[in-house]
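Tertiary structure, described
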Amino acid sequence: MKNGKTAAGTQRWRCRSCGSSQSRKRPDVTRREQLRRFVSWLIGKQSQAEIDHTGTGRSFRRLTAWCWDVQPQLPPTETVYHAVMVDGLWVGTWCLLIALSDTGSVLAWQWCGGESTAAWTALLEQIPAPAVLVSDGGSGLPSALRRTWPETKHQRCLFHLQMNTTRHLTRKPRTTAGRALRRLVMALSTIDQNDETEAINWQLQLDHWWQNFGHLTEERTLFRDGKWGYKHAPLRKAWHLIRNVLRKGTLFTYIQYGNPRTTSALEGGINSQIRAVLRTHRGMTQAHMKRAAEWFLTLHELTLDNALKHASYPTKNKPPEQANEEHHPDETPSLYDTGLTAEEGLWTRTGWAGRT
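Residues numbered from 1 in each chain as written. Predicted model: local features only at pLDDT ≥ 70, side-chain atom pairs only at ≥ 80, totals over all residues. Heavy atoms only, no water.

1. What to know about the sheet that holds strand β3 (residues 21-23)
What links the strands of a sheet is backbone hydrogen bonding, and the strands pair in either a parallel or an antiparallel sense. If you trace the three strands from one edge of the open sheet to the other, you get β1-β2-β3, paired in antiparallel fashion. Bordering the open sheet on either side are β1 (2-5) and β3, each of which pairs with just one other strand. Strand-to-strand twist across the sheet, computed as the mean angle between neighbouring axes with direction ignored, equals 35 degrees. Across two bridges, β1 lies against strand β2 (residues 11-14) in antiparallel orientation. Bridge assignment links K2 to a residue of β2, and that residue is W13. (Pairing = 2+ DSSP bridges. Helix = DSSP H or I, 4+ residues; strand = E, 2+ residues; numbered from the N terminus. Axes fitted to C-alpha atoms, helices over the stretch in contact; angles between N-to-C directions.)

2. Details of the nonpolar core
By size, the foremost hydrophobic cluster in this structure holds 39 residues, and its most contacted members are L35, F38, I270, I274, W295 and L297. Contributions of two or more residues to this core are made by α1 (27-43), β4 (83-91), β5 (94-101), β6 (106-112), β7 (132-135), α11 (264-280), α12 (286-301) and α13 (304-310). Among the elements that make up this core, the one with the highest residue count is α12 (six residues). Ranked by size, the runner-up nonpolar core spans 26 residues in total, among them I191, L206, W239 and F252. (Core = buried A, V, L, I, M, F, W, Y, C linked by side-chain atoms within 4.5 Å. Buried < 20%, exposed > 50% of the residue type's maximum accessible area, 1.4 Å probe, protein only.)

3. Some remarks on the packing of aromatic side chains
Scanning all chains against the criterion turns up nine aromatic pairs. Residues F38 and W68 carry aromatic rings whose centres are separated by 4.8 Å and whose planes lie at 85 degrees to one another, so their mutual orientation is edge-to-face. Within this pair, whereas F38 is found in helix α1, its partner W68 is found in the loop between α3 (58-63) and β4, the two being separated by 30 residues in sequence. Among the residues examined, F38 registers a relative accessible area of 1% and is labelled buried. Geometrically, the ring pair formed by W41 and W68 is edge-to-face, given 6.2 Å between the ring centres and 90 degrees between the ring planes. Placement of the pair is W41 in helix α1 and W68 in the loop between α3 and β4, with a sequence separation of 27 residues. Each member of the pair, W41 as well as W68, carries the same accessibility label: buried. (Phe/Tyr/Trp six-rings, centres within 6.5 Å; stacked < 30°, edge-to-face > 60°.)

4. Some details on unusual backbone geometry
Even without a glycine there, the phi angle at H53 is positive, about 60 degrees. Note on placement: H53 falls in the loop between α2 (48-52) and α3. Its identity as a non-glycine residue notwithstanding, T170 has a phi of 70 degrees, on the positive side. Inspection of the secondary structure assignment puts T170 in the loop between α6 (158-169) and α7 (176-186).

5. Considering the sheet that holds β7
One open sheet accounts for five strands, arranged β6-β5-β4-β7-β8; its pairing is mixed. In the strand order of this sheet, the two ends are held by β6 and β8 (153-156), each with one partner. Shown here is a sheet whose adjacent strand axes are inclined to one another by a mean of 25 degrees, direction ignored. Where β4 and β5 come together, eight bridges link them in antiparallel fashion. Looking across to β5, one finds that W90 is bridged to C95.

Here you go:
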């Protein structure tokens, strides 16, 4: 029966037979609250000392050390979206590929060592094929797109195209041809989404530029080291970049399908906030940085309670009955193991090198 409460406010119970009094312990509730505090700290701006109300935060680190092993997960995506934006973000030496819908929902992510075809394929396979895919033109993505979503159209991010062109020509090109080409590329932002005529006029202006300055991209000269090379190499790189995007038909996809023409929603809405979280808790190990990014992406779509339900817990933190079901030890003798046997000659020998 009830026997008052402890100083901490916990219900105390008294046995009618022996008269002993004690309070019930709920390890599951304790761990749930520890995980809740851990995630709130990881995604928030408070320090460990501030959230623990101590001077050092050592108690918080000790009680929540097991929370780093809990892996957050998103439920499978079943909705077919009109457009999906993808981009990569480097977290330490790992690359995080993220997929975002045109409505602002995080659909999936994939860790990889770089933007390869296999990595992009693993990400795209988690999502139903949309009508249009918007990307910054990363390596390996076109091959993965043809393999996974053959019917999906591709839109090249105009902002990244302008940035890549500026990297070749600089913000203030010295040549007249460079200034004219950069002016054309920057004018892409002014083309209305519903005006196909403006897109045609822009391509005519680009053809006019090629007629006037195209010969500069083919001029070669002899350098001081005795090797031949292109005289206007940066201009040539910028021109080939724009020409290849036009030839692939990924520049004006948004005019026909009405999809976003940049990945700014992903860059500014997701990637920048992940960087802010890592900057707030700077000094974390690479594994902890990866876990922080995963929790941020999960909580972007799910409430904290739902995120805790969908998370993958380590076996040692699961209920005993669930852990026993997953563990089936093999009782048959092993053919190869780490134990020592006399047949291998690994027992202690006597005398000089075993010669007695």
